[in-house]
Amino acid sequence: DAKTTQPPSMDCAEGRAANLPCNHSTISGNEYVYWYRQIHSQGPQYIIHGLKNNETNEMASLIITEDRKSSTLILPHATLRDTAVYYCIVRGTDSSYKLIFGSGTRLLVRP
Amino acid sequence: DAGITQSPRHKVTETGTPVTLRCHQTENHRYMYWYRQDPGHGLRLIHYSYGVKDTDKGEVSDGYSVSRSKTEDFLLTLESATSSQTSVYFCAISEGTAKNIQYFGAGTRLSVL
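Peer 1: Describe the overall build of chain A, with residues and values.
Peer 2: From N to C terminus, chain A includes zero helices and nine strands. In terms of overall dimensions, chain A is globule-like: its C-alpha atoms have a radius of gyration of 13 Å, near the 13 Å expected for 111 residues. When its C-alpha atoms are laid out on the principal axes, chain A stretches across 40 × 30 × 25 Å. Relative to its 111 residues, chain A shows a buried fraction of 45%. Charge-centre separation for chain A: the mean point of 11 positive side chains lies 4 Å from the mean point of 10 negative side chains.

Written as structure tokens, this is what we have:
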């Protein structure tokens, strides 16, 4: 599975958009990009995933560059409850379906 | 937590004792996983199961064994607990489709003294 690079920490103001970048320059054609988050000691929570098209759901938007070497998770109106560690994961389609977590980005949403 | 129950939620034990952690799901998902999380690390896969009696090792499987005799239950056993196995343990489940979203339990905090 391709490795990902994320900034260790970011912050944004409550109500503003949070844009979390992820670099996955060695991604291969059949590998999906997943985003999970972990709120203080809870189990990780799935946010969104995509292959090559941009995706949006009720939680966030995922923008994947045309060459697929990087992506951005967008939380359109961050709230204090969005303070968490955000993990960008690139996963292939092998039979184990396992996820390989990196260190993630610690997002602090300021009042 | 998507129909996933981990038990116990907290456990303190002594070095050398056996410990079994249980993950129970009500989603009838085919895949189940055990991860551990330590300070300064992301989650690391211990073992996973792709069906009843079908299991395989993850990246940090030494010192752990697993069993899955029913679809809904996945047990993680530390045969002889060591202090290095003090950690937070998370169970996850997934359908095993191409989309394969994993859903996680609330975790078990294990302290080995």
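Peer 1: Residues and numbers for the sheet that holds strand E3 (residues 19–25) of chain B, please.
Peer 2: Residue and element names in this part refer to chain B. Spatially, the four strands line up as an open sheet ordered E1-E3-E8-E7, and their pairing is antiparallel. If you trace the sheet from one side to the other, it starts and ends with strand E1 (4–7) and strand E7 (64–70), each paired once. If you compare each strand with its neighbour and ignore which way they point, the axes differ by 15° on average. Note: E3 against strand E8 (residues 73–78), six bridges, orientation antiparallel. Its bridge partner being in E8, arginine 22 is matched across the sheet by leucine 75.

Peer 1: Account for the pattern of salt bridges, with residues named and values stated.
Peer 2: Residues and elements named next belong to chain B. Under the defined criterion, the tally for this structure stands at six salt bridges over all chains. Between aspartate 73 and arginine 22 there is a salt bridge, with the nearest N and O atoms lying 3.1 Å from each other. Separated by 51 residues along the polypeptide, aspartate 73 in strand E8 and arginine 22 in strand E3 bring together distant segments of the chain. The exposure class of arginine 22 is partly exposed, given its relative accessible area of 34%. The salt bridge involving lysine 70 is made with aspartate 73; its shortest N-O contact spans 3.3 Å. One salt-bridge network, held together by shared partners, links Arg22, Lys70 and Asp73.

Peer 1: Tell me about the sheet that holds strand E2 (residues 18–23) of chain A, and name the residues and values.
Peer 2: Residues and elements named next belong to chain A. Taken in spatial order, the four strands line up as E2-E7-E6-E5 in an open sheet, and their pairing is antiparallel. Strands at the two margins of the open sheet, each flanked by one partner only, are E2 and strand E5 (55–56). Pairing geometry for strand E6 (residues 61–64) and strand E7 (residues 70–75), over four bridges, is antiparallel. Bridge pairing links isoleucine 63 to threonine 72 in E7.

Peer 1: I'd like to hear about unusual backbone geometry, residue by residue, with values.
Peer 2: Generally, phi is negative for residues other than glycine and the peptide bonds are trans, each holding for most cases. Across the junction of serine 7 of chain B and proline 8 of chain B, the peptide omega takes the value -10°, indicating a cis bond. At arginine 68 of chain A, a residue that is not glycine, the phi angle is positive and equals roughly 65°. Relative to the elements of secondary structure, arginine 68 of chain A occurs in the loop between E6 and E7. In this model, asparagine 28 of chain B sits at a positive phi of 60°, which is unusual for a non-glycine residue. Relative to the helices and strands, asparagine 28 of chain B resides in the loop between E3 and strand E4 (31–37). The exposure class assigned to asparagine 28 of chain B is exposed, which follows from its relative accessible area of 64%.

Peer 1: I'd like a rundown of the side chain of threonine 13 of chain B, residues and numbers included.
Peer 2: All names here are of chain B. Following the sequence through the fold, threonine 13 ends up in strand E2 (residues 10–13). Given the relative accessible area of 10%, threonine 13 is considered buried. The contact partners of threonine 13, leaving out residues within four places of it in the chain, are Val19, Ala81, Leu110, Ser111, Val112 and Leu113.

Peer 1: Any chance you could break down the environment of isoleucine 101 of chain B for me, citing the residues and the numbers?
Peer 2: Note on placement: isoleucine 101 of chain B falls in the loop between strand E9 (87–94) and strand E10 (103–104). Sequence separation of isoleucine 101 of chain B and glutamate 79 of chain B is 22 residues, and the distance between their C-alpha atoms is 31 Å. Excluding residues within four positions of it along the chain, isoleucine 101 of chain B makes contact with Tyr36 and Tyr46 of chain A together with Ile93 and Ser94 of chain B.

Parameters at a glance
- Residues numbered from 1 in each chain as written.
- Chains lettered and ligands numbered in written order.
- Predicted model: local features only at pLDDT ≥ 70, side-chain atom pairs only at ≥ 80, totals over all residues.
- Heavy atoms only, no water.
- Helix = DSSP H or I, 4+ residues; strand = E, 2+ residues; numbered from the N terminus.
- Rg over C-alpha atoms; globule rule 2.2 N^0.38 Å.
- Buried < 20%, exposed > 50% of the residue type's maximum accessible area, 1.4 Å probe, protein only.
- Lys, Arg positive; Asp, Glu negative; His and termini not counted.
- Charge placed at Lys NZ, Arg CZ, Asp CG, Glu CD.
- Pairing = 2+ DSSP bridges.
- Axes fitted to C-alpha atoms, helices over the stretch in contact; angles between N-to-C directions.
- Salt bridge = Lys/Arg side-chain N within 4 Å of Asp/Glu carboxyl O.
- Contact = heavy atoms within 4.5 Å.

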